[in-house]
Amino acid sequence: MIFVTTGTNEQGFDRLVAAARELPGDEELLVQYGSSTELHGRGRWEAFLSWEEMTAAMTQARVVVAHAGVGSILLAHRCGRRPVVMPRRVALGEAVDDHQLELAQRLHARGEVTLALDGDALARAVAVAPSMLAGTGSGPATGPLVAELRCTLQRLTAGVPA
Amino acid sequence: MSASRRHRGEGPLLLVCSSGGHLLQLVGLDAAFRDFPRLWVTFDKPDAHALLAGEQVLYAHGPTNRNIPNLLRNLRLARRVLVTRRPRAIVSTGAGVAVPFAWLGRLMGIPVVYIESVTRISSLSLSGRMIAPVASDFFVQWPELAGAVPGARYEGGNLTPA
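Under the annotation held in an unreviewed UniProt entry, chain B carries the name UDP-N-acetylglucosamine--LPS N-acetylglucosamine transferase and is attributed to Baekduia soli. Quoted verbatim from the Subcellular location (unreviewed entry) field of the UniProt record, the comment on chain B reads "Endoplasmic reticulum membrane".

Under an unreviewed UniProt entry, the name given to chain A is Glycosyltransferase, and the source organism is Baekduia soli. Note on chain A: under the UniProt heading Subcellular location (unreviewed entry), the record states "Endoplasmic reticulum". For chain A, the Sequence similarities (unreviewed entry) comment in UniProt is given as "Belongs to the glycosyltransferase 28 family."

Draft legend 1. Representation of the confidence of the model for chain A in the model. Residue and element names in this part refer to chain A. On average, residues of chain A score 90 in pLDDT, and 93% of them are at 70 or above. When mean pLDDT is compared element by element in chain A, strand S5 (residues 84–86) scores highest at 98, while helix H3 (residues 70–78) scores lowest at 93. Across residues 136–140, where pLDDT falls below 50, the model places six contacts with residues more than four positions away in sequence or in other chains.

Draft legend 2. Region of the structure containing the pattern of salt bridges. Evaluation of the coordinates by the stated rule reveals 15 salt bridges over all chains. Across the pair Glu144 of chain B and Arg106 of chain A runs a salt bridge whose closest N-O atoms are separated by 2.4 Å. With Glu144 of chain B in the loop between strand S6 (137–140) and strand S7 (153–154) and Arg106 of chain A in helix H4 (residues 99–109), this pair bridges two chains. Look at Glu144 of chain B and you get partly exposed, because its relative accessible area is 43%. Overlapping salt bridges bring together Glu148 and Arg155 of chain A together with Asp137 and Arg153 of chain B as one network.

Draft legend 3. The packing of H3 of chain A against helix H2 (residues 21–28) of chain B, seen in detail. Running from N to C, H3 of chain A and H2 of chain B point in directions that differ by 45°, and their axes come no closer than 7 Å. The orientation of H3 of chain A with respect to H2 of chain B, classified from their angle, is oblique. Our pair here, H3 of chain A against H2 of chain B, has a crossing hand that is left-handed. Residues Val70, Gly71, Leu74, Leu75 and Arg78 of chain A of H3 of chain A touch H2 of chain B, and the partners they reach there are Gly21, Leu24, Gln25 and Val27 of chain B. Across the contact of H3 of chain A with H2 of chain B, the residue classes tally to five nonpolar, three polar and one charged.

Draft legend 4. Summary view of H2 of chain B. The buried count for H2 of chain B comes to seven of eight residues, which makes it a mostly enclosed element. Taken together, the buried positions of H2 of chain B are occupied by Gly21, Leu23, Leu24, Gln25, Leu26, Val27 and Gly28 of chain B. Against H3 of chain A together with strand S1 (11–17), strand S2 (38–42), helix H3 (46–51) and strand S4 (87–94) of chain B lie the buried residues of H2 of chain B.

Draft legend 5. A look at a nonpolar patch on the surface. All names here are of chain B. Together, Ile68, Leu71, Leu72 and Leu75 give the surface a local cluster of nonpolar side chains, amounting to about 320 Å² of exposed area. Take Ile68: it is sitting in helix H4 (residues 68–85). On the basis of relative accessible area, Ile68 is assigned to the exposed category, the value being 54%.

Draft legend 6. Representation of the environment of Val31 of chain A in the model. Structurally, the position occupied by Val31 of chain A is in strand S2 (residues 29–32). Once you skip the residues sitting within four places of it in the chain, Val31 of chain A turns out to touch Val4, Val17, Ala20, Arg44, Trp45 and Glu46 of chain A.

Draft legend 7. Fine view of the UniProt feature "domain: Glycosyl transferase family 28 C-terminal" (unreviewed entry) in chain A. The positions UniProt marks with the feature "domain: Glycosyl transferase family 28 C-terminal" (unreviewed entry) are residues 1–113 of chain A. Here residues 1–113 of chain A runs as 34% helix and 17% strand, with 18 Å between its end C-alpha atoms.

Draft legend 8. Seen up close, the sheet that holds strand S3 (residues 44–46) of chain A. All names here are of chain A. Ordered by their spatial adjacency, six strands build an open sheet running S3-S2-S1-S4-S5-S6, and the pairing between neighbours is parallel. Only two strands of the sheet have a single neighbouring strand rather than two, namely S3 and strand S6 (114–115). Judged from the four bridges that link them, strand S1 (residues 2–5) and strand S4 (residues 63–67) form a sheet pairing that is parallel. In the strand pairing of S4, Ile2 is matched with Val63. Sitting on the sheet, helix H2 (residues 51–60) touches S1, S2, S3 and S4, and the angle it makes with S1 is about 135°.

Draft legend 9. A look at the state of the cysteines. Tallied over the entire structure, the rule returns zero disulfides over all chains. Free of any disulfide, Cys79 of chain A has its nearest neighbouring cysteine sulfur in Cys17 of chain B, separated by 19 Å. Residue Cys17 of chain B is classed as buried on the basis of its relative accessible area, which comes to 0%.

Definitions and cut-offs
- Residues numbered from 1 in each chain as written.
- Chains lettered and ligands numbered in written order.
- Predicted model: local features only at pLDDT ≥ 70, side-chain atom pairs only at ≥ 80, totals over all residues.
- Heavy atoms only, no water.
- UniProt positions renumbered as here; feature names shortened; annotations may be inferred.
- pLDDT = per-residue confidence, 0-100.
- Helix = DSSP H or I, 4+ residues; strand = E, 2+ residues; numbered from the N terminus.
- Contact = heavy atoms within 4.5 Å.
- Salt bridge = Lys/Arg side-chain N within 4 Å of Asp/Glu carboxyl O.
- Buried < 20%, exposed > 50% of the residue type's maximum accessible area, 1.4 Å probe, protein only.
- Axes fitted to C-alpha atoms, helices over the stretch in contact; angles between N-to-C directions.
- Parallel < 35°, antiparallel > 145°, perpendicular 65-115°, else oblique.
- Left-handed = near helix turned anticlockwise from the far one by under 90°.
- Nonpolar A, V, L, I, M, F, W, Y, C, P; charged D, E, K, R; others polar.
- Patch = residues over 30% accessible without salt bridge, like charges linked within 9 Å, V, L, I, M, F, W, Y side chains within 5 Å.
- Areas by Shrake-Rupley, 256 points an atom, 1.4 Å probe, with all protein chains shown as cover.
- Pairing = 2+ DSSP bridges.
- Disulfide = S-S within 2.5 Å.

Written as structure tokens, this is what we have:
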């Protein structure tokens, strides 16, 4: 199963759902299309899924395809997946800025997502099925940011009873 | 303002952010604040229900993007929460919903800790720019952004362990 999600944005992402419908082959599709135009491609199309359905789909799909929103990427990582991501582009009226492109490029370079800029790249990436995310991607953060934030909160609230 | 009004709050940590990616990022930093009493403010969405099960949660008014009525509603909510609960500190990963809480919190002498979203790589978000002047501690998740705010700290990102 190929799971495709446009995230929980108010804004639709027609380019991604169109690319999903055009995916070759007959593999089952689950498309969470949000406010995008519903295209009635093969498989199951839902505007929004419950949290449980979303995490189950992320976990069970052969490939997770998402817009490059940090929520979708983090959720995929929590489910141990390395998603194929298509960034929303400001020039195409899909977002208010190009932060999704910038983030996707960085994370692609680090091997944490597979970047697909258009439908052809998306089809190629889906065909090779990115591997599961290696290492500790699904665990809670334990890095220096957590330690520094913890120290900061203890300093700011010193003397306040727990 | 009387001395008692300026007295540091002894209430819970106030964790405020929008649902979706901002919430997943703040939840991902849980190890930094799990020992503190906590009160969350976010939107009434399925992901918030699932991620914050068992937590104390208040729901704010959304969406906040360029939405003046909801800004005013959230200002009223912030005033009520800050006065009645007297949080010891406010922690946020953005976005717009955090602005009235941060501003009013600063006026009341409550420390404000802001963690800029990992999606911001080369420029601050609007909420980051609006909260920077009232934040006692301001974290960014990419090194390039550390120069964007005087005193901003880069301590690694939380998207994946550093």
